[in-house]
Amino acid sequence: MNFRDRQREEPEINLIPFIDVLLVVLIFVMLTTTYAKFTEIKINLPVANAQIPQARPKEMVVIVSADGRYLVDGQAIEGRSVELLAAALQAGAQGKSDVVVVVSADASATHQSVINVMDASRRAGLTQLTFATQAHDRASVTGQP
């Protein structure tokens, strides 16, 4: 037997399975593609008639200073206890329960001082509470005048 006379065959890449896989992927992409003209929906939004704005409930501003003192509608509270603050809030509300308490606390005020305002408003029966914030000044952020 003479094996050396035989020529070496070069290996070939069979492209048929590769083409089959590409055709399946192409069909999958074509079936799952969404077109923009099918996703656009033209709608007419409803128009609201402007009505007279309803009267806003009374707001009571409670200012909390950095050292923990309280001011209710500009009137200083003599002590720092929750009971005195609740009594001042109840007197300022004049028996109304729809009064909104606006807490305006100093940035360096303690958390406990703000919690005391929340507790005092709950004791006074005032359940609507909000916090005042101050917007950042663009000049201080960007360095522009």
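None of the values given here were measured: they were computed from a predicted structure.

> Can you help me understand the overall build of the protein chain in this one?
Helix and strand counts for the protein chain come out as five helices and five strands. For the protein chain, the sequential pattern of α-helices and β-strands runs α-α-β-β-β-α-β-α-β-α. The 145 residues of the protein chain split such that 21% are buried. Pairs at least 24 residues apart make up 68% of the contacts formed inside the protein chain by residues separated by at least 6 positions. Roughly 12700 Å² of accessible area belongs to the protein chain as shown, and the carbon and sulfur atoms make up 57% of that amount.

> Help me understand the pairing of strand β4 (residues 100-105) in this model?
On any regular strand, side chains alternate: one points to one face of the sheet, the next to the other face. In terms of strand pairing, strand β1 (residues 59-64) meets β4 through six bridges, oriented parallel. Directly across from M60, in β4, lies its bridge partner V101. Across four bridges, β4 lies against strand β5 (residues 128-131) in parallel orientation. Bridge pairing links V100 to Q128 in β5. Following the backbone out of β4, through helix α4 (residues 111-123) and into the adjacent parallel β5, one traces a crossover that is right-handed.

> Honestly, the nonpolar core in this entry has me stumped. Any pointers?
Nonpolar side chains in soluble globular proteins tend to end up buried together. Formed by 20 residues in total, the largest nonpolar core has its most connected members in M60, V62, V72, L85, L89, V117 and L126. Those elements giving two or more residues to this core turn out to be β1, β2 (70-72), α3 (82-93), β4 and α4. No other element matches the five residues that α3 contributes to this core. Among residues more than four places away in sequence, those in contact with L85 are V62, Y70, V72, I77, N116, V117 and A120.

> Would you explain a nonpolar patch on the surface in this entry?
Taken together, the side chains of I13, L15, F18, I19, L22, L23, L26 and M30 make up a nonpolar region of the molecular surface, amounting to roughly 840 Å² of accessible area. Looking at where I19 falls in the secondary structure, it is placed in helix α1 (residues 16-32).

> Just checking my understanding: could you explain α3 for this structure?
The end-to-end C-alpha distance of α3, which contains twelve residues, comes to 16 Å, matching closely the 16 Å that a straight helix rising 1.5 Å per residue would cover. For α3, the complete set of buried residues consists of V82, L85, A86, L89, G92 and A93. Considered in projection along α3, the buried side chains sweep an arc of 130° and stay on one side of the axis. The elements touched by buried residues of α3 are β1, β2 and α4. The first or second residue beyond α3 is Q94, which carries a positive phi of 55°.

> Explain the pattern of salt bridges to me, please; I cannot follow it from the model alone.
When their charged atoms lie close together, side chains carrying opposite charge are able to pair. Summed over all chains, the structure comprises six salt bridges. Across the pair D67 and R80 runs a salt bridge whose closest N-O atoms are separated by 3.9 Å. Here D67 is found in the loop between β1 and β2, whereas its partner R80 is found in the loop between β3 (75-76) and α3, with 13 residues between them in sequence. Its relative accessible area of 49% is what places R80 among the partly exposed residues. For R122, the salt bridge is made with D119, and the minimal N-O distance between the two is 2.6 Å. Placement of the pair is R122 and D119 together in helix α4, with a separation of three residues, close to one helical turn. One network of salt bridges, in which partners are shared, links E83, D119, R122 and R123.

Calculation rules
Residues numbered from 1 in each chain as written. Predicted model: local features only at pLDDT ≥ 70, side-chain atom pairs only at ≥ 80, totals over all residues. Heavy atoms only, no water. Helix = DSSP H or I, 4+ residues; strand = E, 2+ residues; numbered from the N terminus. Buried < 20%, exposed > 50% of the residue type's maximum accessible area, 1.4 Å probe, protein only. Contact = heavy atoms within 4.5 Å. Areas by Shrake-Rupley, 256 points an atom, 1.4 Å probe, with all protein chains shown as cover. Pairing = 2+ DSSP bridges. Right-handed = clockwise from strand over helix to strand, strands pointing away. Core = buried A, V, L, I, M, F, W, Y, C linked by side-chain atoms within 4.5 Å. Patch = residues over 30% accessible without salt bridge, like charges linked within 9 Å, V, L, I, M, F, W, Y side chains within 5 Å. Salt bridge = Lys/Arg side-chain N within 4 Å of Asp/Glu carboxyl O. Expected span 1.5 Å × (residues − 1). Arc of directions from axis to C-beta.

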